[in-house]
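Chain by chain, the residues run as shown.
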Amino acid sequence: MVSPLALGFGVIMLVAMSDDDDGGGGGGDFELSAGSLRVGKGYVPAEYAGLIEKAAADCDAGLPAAVLAAQIKQESGFDPNAQSWEYKKDPKTGKMVKWRPLAKGIAQFIDSTWASSGIDGNGDGKKDVWDPEDAIPSQGQMMCKLLKTAKKHPEYNGSPIELALAGYNAGWGRVEQYKGVPPRSFAEGQTYDYVKIIMANVANLTAPDTSGDPEVSGGWGLPVKAPLGTPYHQQGGMWSSGYHTGIDFAVSVGTTIHAIGPGKVVAAGDGGAYGNQVVIRHSDGMYSQYAHMSQIKVSVGDTVRGGTVIGRSGATGNVSGPHLHMEVRTGPDYGTDINPLPYMRKKGIDI
């Protein structure tokens, strides 16, 4: 985590230094499912999975555990001894030299942020930035607060999760300054790339759904054959969030809706402003959501193939007319949306 003040000088270079060449390690050479995290070598170290899961579960704003895990991987590589340094140019040699310690521990807190946001996560009577049992709960609590703040600003550029990550990295003041995730021109793209890398790693660190029956096979395809309507992130007062959290397909009432890919139904029913909705969890840990339906043809717990009929389009909830609203999310709930088009195209869907 980089202080907003340090970023402002533009002479900072951070290097994570570790006393342990094996990094965070742990978990052996196999994968196992620990809640919603993929645990094992190359994924989330087993010794930290429970802490990350609990930190996410303690947040009532819809913070996916895999987001915290991907964030820690980017911050420290799961190394509790990681140390970042502030560098400055030596006026005599013109070279960048190590100046002073900056960010510390597995969650890379700077001293001032730790003083205000660090907590005694394990209840041993002290808050230790080097102790993952304190640092990971502190990270989760800070991200939760940032996520709640982000949800109050739907007019900003970026999803709430992306805004929270940017705030963690550069300080919320920078998010306010740029009305969204800071652009590549800010701090040589450090915060911009930080958010992009973490969001790209979320699916990789999310465990496949191994509960109940094995997920059946099935290809990927469009939910309906219809032209696109309102695009992702279009702003406007007609949406409760202030911006469009998915993409729309222009269809009349009663059009058959298909699951875009194989997965397990985790929600099927009244979604408030979304009207009748279905949410499906896919094996890569991502979710697809289908809203404003007139009929629902599946139930929670159902395993579906790509192309399975899940319902019919309608005009339920907060709508101005019939259409299918679809989202792709990193979690099952509102506020974890990402741009559906790149995800769907990566799955081979021609859209």
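About the cut-offs
- Residues numbered from 1 in each chain as written.
- Predicted model: local features only at pLDDT ≥ 70, side-chain atom pairs only at ≥ 80, totals over all residues.
- Heavy atoms only, no water.
- Core = buried A, V, L, I, M, F, W, Y, C linked by side-chain atoms within 4.5 Å.
- Buried < 20%, exposed > 50% of the residue type's maximum accessible area, 1.4 Å probe, protein only.
- Helix = DSSP H or I, 4+ residues; strand = E, 2+ residues; numbered from the N terminus.
- Contact = heavy atoms within 4.5 Å.
- Disulfide = S-S within 2.5 Å.
- Axes fitted to C-alpha atoms, helices over the stretch in contact; angles between N-to-C directions.
- Parallel < 35°, antiparallel > 145°, perpendicular 65-115°, else oblique.
- Left-handed = near helix turned anticlockwise from the far one by under 90°.
- 1 Å grid on protein atoms, 1.4 Å probe; cavity = no way out; pocket = protein on both sides within 12 Å on 5 of 7 lines; lining within 4 Å.
- Points joined across faces, edges and corners; volume = space filled by probe spheres on them.
- Nonpolar A, V, L, I, M, F, W, Y, C, P; charged D, E, K, R; others polar.

Peer 1: Please clarify how the nonpolar core should be interpreted in this entry.
Peer 2: In summary, soluble globular proteins display a tendency toward joint burial of nonpolar side chains. If you look at the biggest cluster of nonpolar residues, it comprises 74 residues, and the most contacted ones within it are Leu 37, Ile 52, Met 143, Leu 165, Tyr 290 and Ile 310. For this core, the leading source of residues is helix α5 (residues 132-150), giving eight residues. Aside from chain neighbours lying at most four places away, what touches Leu 165 is Val 67, Gln 71, Met 143, Tyr 194, Val 195, Ile 198 and Met 199.

Peer 1: Would you explain the state of the cysteines in this entry?
Peer 2: By definition, a disulfide links two cysteine residues through a covalent bond between their sulfur atoms. By the definition in use, this model includes one disulfide. Shown here is the disulfide that connects Cys 59 with Cys 144, its sulfur atoms set 2.2 Å apart. Across the S-S bond of Cys 59 and Cys 144 the torsion is about 85°, and the bridge reads as right-handed. Of this pair, Cys 59 sits in the loop between α2 (46-57) and α3 (65-76) while Cys 144 sits in helix α5, placing them 85 residues apart in sequence.

Peer 1: Mind showing me how you'd approach unusual backbone geometry here?
Peer 2: Both trends apply: most residues other than glycine have a negative phi, and most peptide bonds are in trans. Within the chain, Phe 78 stands out as a residue other than glycine whose phi angle is a positive 65°. With respect to the helices and strands, Phe 78 occurs in the loop between α3 and β3 (83-89). On the basis of relative accessibility, which here comes to 3%, the residue Phe 78 falls in the buried class. Here Ala 187, not a glycine, exhibits a phi torsion of approximately 50°, which is positive. Turning to its location among the elements, Ala 187 is positioned in the loop between α7 (172-178) and α8 (190-201). Its relative accessible area of 22% is what places Ala 187 among the partly exposed residues.

Peer 1: Got a minute to help me understand the packing of α5 against helix α6 (residues 160-170) in this structure?
Peer 2: Axis angle and axis distance: for two packed helices, these are the angle between their axes and the distance between the axes, and together they describe the pair. Two elements in contact, α5 and α6, have axes whose closest approach is 8 Å; the angle formed by their N-to-C orientations is 125°. With respect to α6, the element α5 is oriented oblique. You can see that α5 and α6 cross each other, and the crossing is right-handed. Along its contact with α5, which presents Gln 139, Met 142, Met 143, Leu 146, Leu 147 and Ala 150, the element α6 presents Pro 160, Ile 161, Leu 163, Ala 164, Leu 165, Gly 167 and Tyr 168.

Peer 1: Would you take a moment to explain the layout of surface pockets for this structure?
Peer 2: Any empty space left between the atoms is revealed when a probe the size of a water molecule rolls over them. Its volume calculated, the largest pocket comes out at about 680 Å³. Lining the largest pocket are 23 residues, with Glu 162, Met 199, Ala 200, Ile 338 and Pro 342 positioned closest to its centre. Of all the secondary structure elements, the ones that give two or more residues to the lining of the largest pocket are α8 and α9 (340-346). Examining the composition of the lining of the largest pocket, we find that five residues originate from one element, α8, more than from any other. Looking at the lining of the largest pocket, its residues break down into 13 nonpolar, five polar and five charged.

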